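# Coordinate inspection notes
Each chain is listed here by its residues.
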Protein chains: 2
Amino acid sequence: MPLDAAENIYRAAIRLFGERGYPSTSMRDISSAVGVLPGSLYTHITSKQALLLQIVENGIQKYLDAVRPLATTAEPADIRLREAIKAHVKVAGDNIQLSLVTFHQWKHLDDETRRRVVGLRNTYQAYFSRIIEDGIEAGILRPMVHPSLAVLAVLGMLNWVPEWFSPSGPATADEVGDHLADVILEGLLEVRPPAAPIDDAAAAANA
Amino acid sequence: MPLDAAENIYRAAIRLFGERGYPSTSMRDISSAVGVLPGSLYTHITSKQALLLQIVENGIQKYLDAVRPLATTAEPADIRLREAIKAHVKVAGDNIQLSLVTFHQWKHLDDETRRRVVGLRNTYQAYFSRIIEDGIEAGILRPMVHPSLAVLAVLGMLNWVPEWFSPSGPATADEVGDHLADVILEGLLEVRPPAAPIDDAAAAANA
DNA sequence: CCTACCGATCGGTAGG
DNA sequence: CCTACCGATCGGTAGG
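Since the structure is predicted, the reported quantities are computational estimates derived from the model, not experimental observations.

In terms of regular secondary structure, chain A is built from ten helices and zero strands. Helices and strands appear in chain A in the N-to-C order α-α-α-α-α-α-α-α-α-α. By the compact-globule yardstick of 17 Å for 207 residues, chain A is too spread out, its C-alpha radius of gyration being 22 Å. The principal-axis extents of the C-alpha atoms in chain A amount to approximately 80 × 40 × 30 Å.

And the structure:
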């Protein structure tokens, strides 16, 4: 049961756009990876741009679908943040090349479609903003002068995952997600002085 | 006192490579930004590749120079990590476009020079590994199953800074660095249970 | 720094 | 899916 031609083209494009970047990948590169001559591609696709758009939108949708459920559930925000981080890492681990294209090549989309994709990226960012702001309001997360900086810290950490994650590496995506959530939630410090004395008896007992 | 021609070309290339990417920037784009005809560029540079290499190596060196002093000082590792994060953010904030080219366009270098640049990137990563491993050994940072994951978390967060930092934004590079160091060192949780009971009297007093 | 140009390669199409 | 091809653009050079 061979893949149909359009699917073959789509997969070759993901790999090549990811390895060399969109502008450095020629339609001739894709056609020879698929095993047809360049002109034959255009029976199955309309243009190089449309191929990139299909890839990038599919990539973003996978992340949106995975994290959307965590954005608004009633669970405690720290648990939602941990699950959102794990969901992101799982999508990244299952779609490394797709993620590389999605995160790096969207800049080469035409003006109109690029604006739409930027909108989807902003929606994704808003999911994490919502979780973190909920957590601060509920007293579960630390109050911050600029909560958006925490969002950017989390997203930067997550955007970098497809660059180094390997399915054959020492940790599964689930384990990596947990460890990254530990870094974000608990920090790297071994001990942290309590924000305020818990009660006077405990303070006296420690003196 | 006008900039000399080579400096003009270098600056225009940083801006254009950062905005459009290396493969999508033509020498004709650069020449018209500088105000000369395409062929005239080659009096001052040897090739498009050499121009990219000059930019990327200069970019990496700025980061190496800024963080190297923190890699080996005798100060506590948590302070060194905070200062390293702040040093990185300061370089990023002072060189946003240079950083964008350095972080994204090195993939378009020739095989040989790309290998050298990857070596410099690994050196940079080793600075952070050293600080975090020192911290764990000294009992200042939490023991971790995979300390390298913490390094990748920090570098991912930092690599993302040039994408969103603005000198005219609400926080200076110094403040952003402190806030990001807070996220990494202390985490986002408001309270954290102690790793182990401190003493029995305190536990009893809380019961 | 300009004029004039080179061979190579690009995305895409007409016609079968 | 192939043959054959189009106009545009590319990095770079010779000669002045």
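This paragraph deals with the packing of aromatic side chains. Residues and elements named next belong to chain A. What the rule picks out here adds up to ten aromatic pairs over all chains. Taking 5.1 Å as the distance between ring centres and 70 degrees as the angle between the ring planes, the aromatic pair formed by phenylalanine 17 and tyrosine 22 counts as edge-to-face. In terms of burial, phenylalanine 17 and tyrosine 22 fall into one category: buried. Linked through ring pairs, Tyr63, Phe103, Tyr124, Tyr127 and Phe128 together constitute an aromatic cluster. Here the guanidinium or amino end of lysine 48 rests over the ring plane of tyrosine 22, the centre of that ring lying 4.4 Å away.

Neighbouring residues of DNA strand C: 14 residues in total, closest A:Met27, A:Arg28, A:Tyr42, A:Lys48 and B:Leu37. B:Leu37 places a polar main-chain atom, nitrogen or oxygen, 2.9 Å from a phosphate oxygen of DNA strand C. Taken together, the residues of the surface near DNA strand C sort by class into five nonpolar, seven polar and two charged.

Moving on: the relation of the copies chain B and chain A. Superposing chain B onto chain A requires a rotation of 180 degrees together with a translation of 0.0 Å along the rotation axis, leaving an RMSD of 0.0 Å. Between the two chains, the operation in question is that of a two-fold axis. Among all residues of chain B, the one whose C-alpha sits closest to the rotation axis is B:Gly187, at a distance of 1.9 Å. Take the interface residues of chain B: 100% of them recur as interface residues in chain A, which is what a same-surface contact looks like.

Right, let's get into the interface of chain B and chain A. With 50 residues of chain B in contact, the opposing surface of chain A contributes 51 residues. Interface area for chain B against chain A, summed over the two sides, is near 4,500 Å², with a carbon-plus-sulfur share of 62%. Linking chain B with chain A are two salt bridges. For B:Lys107, the salt bridge identified is with A:Glu163, shortest N-O distance 3.8 Å.

This next bit is on the protein's contact with DNA strand D. The immediate surroundings of DNA strand D are formed by 13 residues, with A:Leu37, B:Met27, B:Arg28, B:Tyr42 and B:Lys48 found nearest. Put simply, 58% of the atoms of DNA strand D that lie within 4 Å of the protein are in sugar or phosphate. For DNA strand D, a phosphate oxygen lies 2.8 Å from a polar atom in the backbone of B:Met27. Within the contact set of DNA strand D, a phosphate oxygen lies 2.7 Å away from a side-chain nitrogen or oxygen of B:Tyr42. Residues of the surface near DNA strand D, tallied by class, amount to four nonpolar, seven polar and two charged.

So, about the pattern of salt bridges. All names here are of chain A. Scanning the model with the defined rule gives 28 salt bridges over all chains in all. Between lysine 86 and aspartate 178 there is a salt bridge, and its shortest N-O distance comes to 3.0 Å. Within this pair, whereas lysine 86 is found in helix H4 (residues 77–94), its partner aspartate 178 is found in helix H9 (residues 173–186), the two being separated by 92 residues in sequence. Exposure remark for lysine 86: the relative accessible area of 15% places this residue in the buried category. For aspartate 178, a relative accessible area of 25% puts it in the partly exposed group. When salt bridges that share partners are traced, they join Arg82, Lys86, Asp174, Asp178 and Asp182 into one network.

Below, the discussion takes up the environment of A:Leu52. All names here are of chain A. Residue position: leucine 52 is located in helix H3 (residues 48–72). In this structure, the C-alpha to C-alpha distance between leucine 52 and glutamate 112, residues 60 residues apart in sequence, is 14 Å. Ignoring any residue separated from it by four or fewer positions in sequence, one finds leucine 52 in contact with Phe17, Tyr22, Val101, Gln105, His108 and Leu109.

Moving on, we get to the side chain of B:Arg82. Residue and element names in this part refer to chain B. With respect to the helices and strands, arginine 82 occurs in helix H4 (residues 77–94). With a relative accessible area of 19%, arginine 82 lands in the buried category. Not counting residues within four places of it along the chain, the set of residues in contact with arginine 82 comprises Asp178, Ala181, Asp182 and Leu185.

Positionally, B:Ala71 belongs in helix H3 (residues 48–72). Along the backbone, B:Ala71 and B:Ala5 are 66 residues apart, and their C-alpha atoms lie at a distance of 38 Å.

Turning next to the packing of H4(B) against helix H6 (residues 111–137) of chain B. Residues and elements named next belong to chain B. Closest axis-to-axis distance for the H4/H6 pair is 8 Å, and the angle between their directions is 155 degrees. Overall, the two elements H4 and H6 adopt an arrangement that is roughly antiparallel. Crossing geometry of H4 relative to H6 is assigned as left-handed. Where H4 abuts H6, its residues Ala77, Arg80, Leu81, Ala84, Ile85 and His88 lie against Tyr124, Phe128, Arg130, Ile131, Ile132, Asp134 and Gly135. When grouped by side-chain class, the residues that make up the contact of H4 with H6 number eight nonpolar, two polar and three charged.

Cut-offs and rules
Residues numbered from 1 in each chain as written. Chains lettered and ligands numbered in written order. Predicted model: local features only at pLDDT ≥ 70, side-chain atom pairs only at ≥ 80, totals over all residues. Heavy atoms only, no water. Helix = DSSP H or I, 4+ residues; strand = E, 2+ residues; numbered from the N terminus. Rg over C-alpha atoms; globule rule 2.2 N^0.38 Å. Phe/Tyr/Trp six-rings, centres within 6.5 Å; stacked < 30°, edge-to-face > 60°. Buried < 20%, exposed > 50% of the residue type's maximum accessible area, 1.4 Å probe, protein only. Lys NZ or Arg CZ within 6 Å of the ring centre and 35° of its normal. Near = heavy atom within 4 Å. Polar contact = N/O pair within 3.5 Å; in protein donor to acceptor, adjacent residues only side chain to side chain. Nonpolar A, V, L, I, M, F, W, Y, C, P; charged D, E, K, R; others polar. Least-squares fit on C-alpha atoms with pLDDT ≥ 70 in both. Contact = heavy atoms within 4.5 Å. Buried area = accessible area lost by both parts, 1.4 Å probe. Salt bridge = Lys/Arg side-chain N within 4 Å of Asp/Glu carboxyl O. Axes fitted to C-alpha atoms, helices over the stretch in contact; angles between N-to-C directions. Parallel < 35°, antiparallel > 145°, perpendicular 65-115°, else oblique. Left-handed = near helix turned anticlockwise from the far one by under 90°.

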